[in-house]
Structures are given as C-alpha cells and as structure tokens.
Amino acid sequence: MDFLISRGWKQRWRRWLDRRIPPARQLTLSHRSIFIIPNRLGLLLTTALVLLLVTAINYQNSLIFALTFWLFSLALAAMHFTYRNLSALTLAAGHAYPVFAGEVIELPLRLEAAAKRRYQALDLGFPDNPVVAADVSSDLSSEVGLSYRTHQRGWLQPGRLRLETRFPAGIYTAWTWVSLDFKVLIYPKPERVPFVFAAGDGGEELPGATSEVSGDQDFHGLRPYQPGDSLKQIAWKQLARGKGLVTKEFDSDNAASCWLDWHSLAPAAQESRLSRLTGWVLQAHQNGWKYGLRLPGVEIAPDNSELHKEHCLQQLALYGLPSEAN
C-alpha cells in the first residue's frame, strides 16, 4: 500500500512539473520554473533570529532588536540574490552522438547568460549521475557535458535534470527541474558472437547470415572520395603525399557479402535478437564486407559505408517502438 501511495504521488508530481515546466529543446528560467527554500544553514539562521527576537522582546534591548532586524535584512537580500543567480538563465540541449545501450553518454548543455548578468556556483546533473559545476559569464554562453548512463535502446529519455545553486550566502537553495529534448538515438547493446559462414570452407553454418562469394578483389583504380565511403578504402598514402582524398576501387567488391536475417535466428527474445544483429553489423562493417539487414517489414540492401552502418543501427534501435517514438 505504501508503495502504491508513493508511486501515485510521484506520478502527480511529474504531471504537475510537465504542466509548469514543459519539456523543450531550450528553456529560459523564470519564476515559474525556479524553486527556493532555506537549507539546513538557513534553518539554523531562522532559529537564531527567532531566539534573538524573543530575547529582545523579553529584555527590551534595542541593540538586540537592531541585530535581529539587520540579520533578517541580510537573509532577505541573500534570498533575492540566490534567486537571481538562476533567473533569466537559458538552457539549451546540444547535439549528442549515439551510443549503445548500457554505455555512458555525454550530453552537451549550453548555458546562456542574460544581459549584464553573471551566474556562479551552478551545480547540474541527472539523478544518480555525476554532478557538474559551472559558471556563466555576462553576455556569454558556456557549454558543459552531462554524463548519463543509458539503459535501453531508442530515443533517449533521460528525464529531468536538476540545476541548483546556493550562491552567494549558502543559506538558501534555489533549484529547478528541467526536461530537455536532446534528440539522440541509443543503439541496442551489441552481443559479440563470431561469424560462421553457410558457404564456408568447413561447411559451417551461420544462423541469420548467408554468404555470397563472387571471386577475389582486384584493384581497379582510384576515384574522388564520396561521403559515406568506407575508411578502409581510402588511399591514405595518396593523401599523405598531398594528392587529395581519393578512394580505391576494385573490380569486384562482393568477395564477402552477407545478409543478416531476423527470421533465420534461433527463437529468442526480441532484445536478444536485436543485440546479436547489432553485433554482427559492427563486425561485418569492421571486416569490410558488404552486408544487408532483414527485419520484419524492413530490408536494407547490402552495402558497406558509414552511412549504411548508421542506417542499419538506426533501424535496429527503433524496431518495434511505437510510432510516436520515431
């Protein structure tokens, strides 16, 4: 019962936050998105102020009255400046590169200061992940990298990050919970298993992949580099001699061509199949083979290039996810 009550409160809290601070690519902090309360040191100061006030009233001592109201004025000023250390600060999600599920991704976050404002002693981070300290100079922007350990494939949903500050007096904590859309794809966790060819010399079999052998590769010549060409086919010696970026061409580039087929895999859970296919895509690309990918409703013709590899990994990452996740 306690678990259900706690879960219900968390869901209400998330819905309230979504209404008050909607998810966005960029957000400028204001009174609607900043929360501030006294921290432990602030509560101690509050207790001291109450005791001083009671003592001043009891003894009718003007000096204690003056000290009490002076400290109270400092506390009010500290609250204003602590709030101001977040107010009008702009947070924007940067461009992050895909990683595999289970890896730590670095999410770039851009902080932009308001005109003639300086922000100091800011702490940022996702829950259960490292916290980063940052300062932002007046009329300038600063970029910090936030670490986040991924857990599942698909579009990254890291949840809300916490930004807080105790500057300048340390007696208040001002914070916000911000949900930024980094729009980065997480690939399935690769399962590293060796290839065994169906048409291999030893007659071994490879569940899920078939080999199409068409002869040896003979060097044909050089051509200008095109985006997407495999790095293994670039003529690095020509580049070192200052002759530009060119790609090697062969008479036959089908010496190792295979299909990575979902239906040929032994019965297994969906995520296990996707992990194995991901591992094979990486191995086939590293070996310089031409490889194609077959998933239910998806067929990608054999090729070997960086763009082809990214296309295959993207299809594996998004396979079976709801259409709105795409």
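Residues numbered from 1 in each chain as written. Predicted model: local features only at pLDDT ≥ 70, side-chain atom pairs only at ≥ 80, totals over all residues. Heavy atoms only, no water.

Notes on the side chain of N129
Part 1 of the argument: By secondary structure assignment, the location of N129 is in the loop between strand 6 (119-125) and strand 7 (132-136).
Part 2 of the argument: Of the polar contacts made by the side chain of N129, one reaches the backbone oxygen of P127; its length is 3.0 Å.
Part 3 of the argument: Not counting chain neighbours up to four residues away, the residues in contact with N129 comprise S147, Y148 and R149. (Helix = DSSP H or I, 4+ residues; strand = E, 2+ residues; numbered from the N terminus. Polar contact = N/O pair within 3.5 Å; in protein donor to acceptor, adjacent residues only side chain to side chain. Contact = heavy atoms within 4.5 Å.)

Brief notes about the UniProt feature "transmembrane region" (unreviewed entry) in the protein
Part 1 of the argument: This chain's UniProt record puts "transmembrane region" (unreviewed entry) on residues 41-57 and 63-83.
Part 2 of the argument: Each end of residues 63-83 is marked by a C-alpha atom, and these two atoms are 30 Å apart; helix forms 100% of the span and strand 0%. (UniProt positions renumbered as here; feature names shortened; annotations may be inferred.)

Here's the deal with the nonpolar core
Part 1 of the argument: Grouped together as the largest cluster of nonpolar side chains are 39 residues, with contacts concentrated most on L29, L89, I105, L107 and L109.
Part 2 of the argument: Y187, W262, I300 and C312 belong to the second-largest nonpolar core, a separate cluster that totals 25 residues. (Core = buried A, V, L, I, M, F, W, Y, C linked by side-chain atoms within 4.5 Å. Buried < 20%, exposed > 50% of the residue type's maximum accessible area, 1.4 Å probe, protein only.)

Notes on the sheet that holds strand 9 (residues 154-155)
Within a beta sheet, neighbouring strands are joined by backbone hydrogen bonds and run either parallel or antiparallel to one another.
Part 1 of the argument: Across the sheet, which stays open at both edges, the 3 strands sit in the order 4-12-9 with mixed pairing between neighbours. Two strands in the sheet have a free side with no partner beyond their single neighbour: strand 4 (99-100) and strand 9.
Part 2 of the argument: In the sheet, strand 4 pairs with strand 12 (residues 185-187) via 2 bridges, with the strands oriented parallel. Bridge pairing in strand 12 links V99 to I186.
Part 3 of the argument: Sheet contacts for helix 6 (residues 306-318): strand 4, strand 9 and strand 12; angle to strand 12, the most-contacted strand, approximately 90 degrees. (Pairing = 2+ DSSP bridges. Axes fitted to C-alpha atoms, helices over the stretch in contact; angles between N-to-C directions.)

Quick word on the packing of aromatic side chains
Part 1 of the argument: Under the definition given, this model contains 7 aromatic pairs.
Part 2 of the argument: Taking the centre distance of 5.6 Å and the plane angle of 35 degrees together, the rings of F35 and W175 count as tilted. Taken together, the residues F35 in strand 2 (residues 35-38) and W175 in strand 11 (residues 172-178) connect sequence positions 140 residues apart.
Part 3 of the argument: On the basis of relative accessible area, F35 is assigned to the buried category, the value being 16%. (Phe/Tyr/Trp six-rings, centres within 6.5 Å; stacked < 30°, edge-to-face > 60°.)

Things to note about the packing of helix 5 (residues 270-286) against helix 6
Part 1 of the argument: Two numbers describe how helix 5 lies on helix 6: the axes approach to 10 Å, and their chain directions differ by 175 degrees. In terms of orientation, helix 5 and helix 6 fall into the roughly antiparallel class. Along its contact with helix 5, which presents L274, L277, T278, V281, L282 and H285, the element helix 6 presents E306, K309, C312, L313 and L316.
Part 2 of the argument: Of the residues contributing to the contact of helix 5 with helix 6, the split by class is 7 nonpolar, 2 polar and 2 charged. (Parallel < 35°, antiparallel > 145°, perpendicular 65-115°, else oblique. Nonpolar A, V, L, I, M, F, W, Y, C, P; charged D, E, K, R; others polar.)

A word on the confidence of the model for the protein
Part 1 of the argument: Confidence along the protein averages 84 in pLDDT terms, with 82% of residues attaining 70 or more.
Part 2 of the argument: The least confident element of the protein, judged by mean pLDDT, is strand 13 (residues 209-212) at 48; the most confident is strand 11 at 97.
Part 3 of the argument: Note that residues 196-208 has pLDDT below 50 and, in this model, 26 contacts with residues that lie over four places away or in other chains.
Part 4 of the argument: Between residues 210-217, whose pLDDT stays under 50, and residues either more than four places distant or in other chains, the model counts 21 contacts. (pLDDT = per-residue confidence, 0-100.)

Topic: the sheet that holds strand 8 (residues 141-149)
Part 1 of the argument: Pairing in this open sheet of 4 strands is antiparallel, and the strands run 1-3-5-8 from one edge to the other. Of all the strands in the sheet, just strand 1 (26-28) and strand 8 have a single pairing partner and so form its edges. Each strand of the sheet is rotated relative to its neighbour by a mean of 25 degrees, with strand direction disregarded.
Part 2 of the argument: As paired strands, strand 5 (residues 104-112) and strand 8 are joined by 9 bridges and run antiparallel to one another. Bridging from a neighbouring strand, I105 pairs with Y148 of strand 8.

Points about helix 6
Since there are 3.6 residues in each turn of an α-helix, residues three or four apart along the chain are aligned in direction.
Part 1 of the argument: For helix 6, with 13 residues, the first-to-last C-alpha span of 18 Å sits near the 18 Å given by 1.5 Å per residue.
Part 2 of the argument: Every buried residue of helix 6 is listed here: H308, K309, C312, L313, L316, A317 and L318.
Part 3 of the argument: Turning to helix 6, the residues buried within the fold contact strand 4, strand 9, strand 12, helix 5, strand 17 (290-295) and strand 18 (298-303).
Part 4 of the argument: Looking at the residues trailing helix 6, positive phi occurs at G320, about 80 degrees. (Expected span 1.5 Å × (residues − 1).)

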